[in-house]
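The primary structure of each chain is shown beneath.
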Number of protein chains: 2
Amino acid sequence: MKNKNETDSAPSMNIVRNEGGNEPKVKTVHIGQQVKAIRTQNKFTLEEASRRTGLAKSTLSKIENEQISPTFMVLQKLAAGLEIDLPQLFTQPSKVQASGRRDITKANTGKAHLTPTYEHELLATELSNKKMLPYKTCIRSRSFDEYGDWIRHEGEDFLFVLEGDIQLFTEFYEPVLLSKGDSAYYDATMGHAVISISEQDAHILWVTST
Amino acid sequence: MKNKNETDSAPSMNIVRNEGGNEPKVKTVHIGQQVKAIRTQNKFTLEEASRRTGLAKSTLSKIENEQISPTFMVLQKLAAGLEIDLPQLFTQPSKVQASGRRDITKANTGKAHLTPTYEHELLATELSNKKMLPYKTCIRSRSFDEYGDWIRHEGEDFLFVLEGDIQLFTEFYEPVLLSKGDSAYYDATMGHAVISISEQDAHILWVTST
DNA sequence: AAATTAAGTTTCCTATAGGAAACTTTTATG
DNA sequence: CATAAAAGTTTCCTATAGGAAACTTAATTT
């Protein structure tokens, strides 16, 4: 059945999502397998899992065999009873996540990325899905005015001065002067900007968390 | 068989969970509020959310008002239709996370941390709960043998050579020579170690993701 | 303010989730 | 191997989730 008798009319709804009458197609997470994996890893029998979660063992069995789609209430009992975080039920057990990656970037061979105010050299660009984005930057800007507005983005920034003198502007603090060897760490959602104040170009190393 | 011969007794590890026969008491996550918040933030009407998720608007209404406990199948449709990650439905919207922090570390004023092989200078130590741990390190070791075993830890490492020449050993790759300005990014769960191969001491900047 | 439209809620019904117990399968024991 | 015990599955029933449509409320227009 799943008789999806489409809402009459509604001609304009052209999201083109599931024309043709088939379902929106959700990439199915096999929660049953997850539950079973967690239970067996803990060496629980269905009976014991039943005790811990307060769910009937028949229910647990059906869930593990994907015969039913547990309600949210049941999911919560499961998580509480098996002492796991809810999100853990959905993320693949993926101990498989990469763990042997490496990327070397020799000096001045990074991937150039130019902006009016900065001259970025992105590092370690061969790797994707990194937790940090490192880049070496040459500061061109000499005045705060050159920035139309604060720079903001998700995550946190670590900044290390390699050469020259810079001034770091941040939304909630007074500007601060940084010279070679100095560093700063700040929440990147806070507005920020950097200008060079030395004769020669200033170079900094920047690492942004994702 | 794992039967360690302790049938019931097992005094040492009883989790003391719900003696007394009452329910396990689950801290309820109000998923309805979450859904409503996400929908309204996106300025969707129930009707539009219905189109996007393939769920009846009556169902959506009931979910938002906590009148029913959606099944996992419905949760998936919700997440897909509203284009959010499933876990996002359970974690509090917590925009409350800190977002105006800043910490400046002037050159050579970090917190020293010595090991037989490295001489670390921890940076930005005034801030806790950082997503990255930055430190400047002077490499003392001159031979791989000085390391009893590989160094490993959670997360990823970014390494930038500030001064001198080093050799980076990693578990799954051939050793590589790095000089001033070179950098490396690698999974820190992979065994790794660094030795200095230059006359003078080698200095590197290290950033570890957490 | 009545009429119109759009938003959200409730009703009513069918499909299905969850629980208790019977049943089947697997593992241990004489 | 027979038997007992334990672990897992299926059945059957009741409670409840989900969908269509009726209904109510809120926002616009006339």
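- Taking an unreviewed UniProt entry as the reference, chain A is identified by name as Helix-turn-helix domain-containing protein belonging to Shewanella hanedai.

## Things to note about unusual backbone geometry
Residue and element names in this part refer to chain A.
Here is step 1: Despite not being glycine, Glu66 has its phi angle at roughly 55 degrees, a positive value.
Here is step 2: Topologically, Glu66 is positioned in the loop between helix H3 (57-64) and helix H4 (72-81).
Here is step 3: One non-glycine residue with positive phi stands out, namely Ala124, at about 55 degrees.
Here is step 4: Topologically, Ala124 is positioned in the loop between strand S3 (118-122) and strand S4 (132-139).
Here is step 5: Accessibility expressed as a relative area gives 2% for Ala124, which makes it buried.

## Here we look at helix H2 (residues 46-53) of chain B
Residue and element names in this part refer to chain B.
Here is step 1: Within H2, the full set of buried residues consists of Ala49, Ser50, Arg52 and Thr53. Buried residues in H2, looked at end-on, bunch into an arc of 165 degrees, giving them a common side.
Here is step 2: Contact partners of the buried residues in H2: helix H1 (31-41), helix H3 (57-64) and helix H4 (72-81).
Here is step 3: Following H2 by one or two positions, Gly54 adopts a phi angle in the positive range, close to 80 degrees.

## A short note on the relation of the copies chain A and chain B
Here is step 1: When chain A is fitted to chain B, the residual RMSD is 2.0 Å, and the transformation amounts to a turn of 180 degrees plus an axial shift of 1.4 Å. The superposition of one copy onto the other is thereby described by a two-fold rotation axis. Minimal C-alpha distance to the rotation axis in chain A is attained by Thr71 of chain A, lying at 1.1 Å.
Here is step 2: Taken as a fraction of all interface residues of chain A, those also at the interface in chain B reach 95%, which identifies the copy contact as same-surface.

## Regarding the interface of chain A and chain B
Here is step 1: With 76 residues of chain A at the interface, the matching set in chain B holds 74 residues.
Here is step 2: The tally of links from chain A across to chain B stands at six salt bridges.
Here is step 3: In this structure, Arg101 of chain B engages Glu156 of chain A in a salt bridge whose closest nitrogen and oxygen atoms are separated by 3.0 Å.
Here is step 4: Applying the counting criterion to the chain A and chain B interface returns 36 residue pairs in polar contact (both at pLDDT 80 or more).
Here is step 5: Residue contributions to the side of chain A that touches chain B peak at seven residues, all from H4 of chain A.
Here is step 6: Residues that form the side of chain A that touches chain B fall into these classes: 37 nonpolar, 19 polar and 20 charged.
Here is step 7: In this structure, strand S1 (residues 102-105) of chain A lies alongside strand S8 (residues 183-187) of chain B, joined through four bridges in antiparallel fashion. Counted as the bridge partner of Asp103 of chain A is Tyr185 of chain B from S8 of chain B.

## Regarding the side chain of Asp182 of chain A
Here is step 1: Inspection of the secondary structure assignment puts Asp182 of chain A in the loop between strand S7 (173-178) and strand S8 (183-187).
Here is step 2: Relative accessible area serves as the criterion here: at 4%, Asp182 of chain A is assigned to the buried category.
Here is step 3: Asp182 of chain A has contacts with Leu159, Phe160, Val161 and Leu177 of chain A together with Thr105, Lys106 and Ala107 of chain B, leaving out every residue within four places of it along the chain.

## Re the pairing of strand S2 (residues 111-114) of chain A
Residues and elements named next belong to chain A.
Here is step 1: One ladder, built from four bridges, connects S2 with S3; its direction is antiparallel. Bridging across to S3, Ala112 finds its partner in Glu121.
Here is step 2: The turn linking S2 back onto S3 is made up of three residues.

## Details of the packing of aromatic side chains
Here is step 1: According to the stated counting rule, one finds ten aromatic pairs over all chains in the structure shown.
Here is step 2: Centre to centre, the rings of Tyr118 of chain B and Trp206 of chain B are 5.2 Å apart; their planes meet at 80 degrees, and the pair counts as edge-to-face. With Tyr118 of chain B in strand S3 (residues 118-122) and Trp206 of chain B in strand S10 (residues 202-209), this pair connects stretches of sequence that are 88 residues apart.
Here is step 3: Here Tyr118 of chain B falls in the buried class, since its relative accessible area comes to 4%.
Here is step 4: By relative accessible area, which is 2% here, Trp206 of chain B ends up buried.
Here is step 5: When the ring centre of Tyr185 of chain B is taken as reference, the NZ or CZ atom of Lys130 of chain A above it lies at 5.8 Å.

## What to know about the packing of helix H2 (residues 46-53) of chain A against H3 of chain A
Residue and element names in this part refer to chain A.
Here is step 1: Relative orientation of the contacting elements H2 and H3 amounts to 110 degrees, with a least axis distance of 8 Å. Relative to H3, the element H2 lies roughly perpendicular. Listed contacts from H3 to Leu46, Glu47, Ala49, Ser50 and Thr53 of H2 are Lys57, Leu60, Ser61 and Glu64.
Here is step 2: A breakdown of the residues in the contact of H2 with H3 according to their chemical character gives three nonpolar, three polar and three charged.

Reading guide: rules and limits
Residues numbered from 1 in each chain as written. Chains lettered and ligands numbered in written order. Predicted model: local features only at pLDDT ≥ 70, side-chain atom pairs only at ≥ 80, totals over all residues. Heavy atoms only, no water. Helix = DSSP H or I, 4+ residues; strand = E, 2+ residues; numbered from the N terminus. Buried < 20%, exposed > 50% of the residue type's maximum accessible area, 1.4 Å probe, protein only. Arc of directions from axis to C-beta. Contact = heavy atoms within 4.5 Å. Least-squares fit on C-alpha atoms with pLDDT ≥ 70 in both. Salt bridge = Lys/Arg side-chain N within 4 Å of Asp/Glu carboxyl O. Polar contact = N/O pair within 3.5 Å; in protein donor to acceptor, adjacent residues only side chain to side chain. Nonpolar A, V, L, I, M, F, W, Y, C, P; charged D, E, K, R; others polar. Pairing = 2+ DSSP bridges. Phe/Tyr/Trp six-rings, centres within 6.5 Å; stacked < 30°, edge-to-face > 60°. Lys NZ or Arg CZ within 6 Å of the ring centre and 35° of its normal. Axes fitted to C-alpha atoms, helices over the stretch in contact; angles between N-to-C directions. Parallel < 35°, antiparallel > 145°, perpendicular 65-115°, else oblique.

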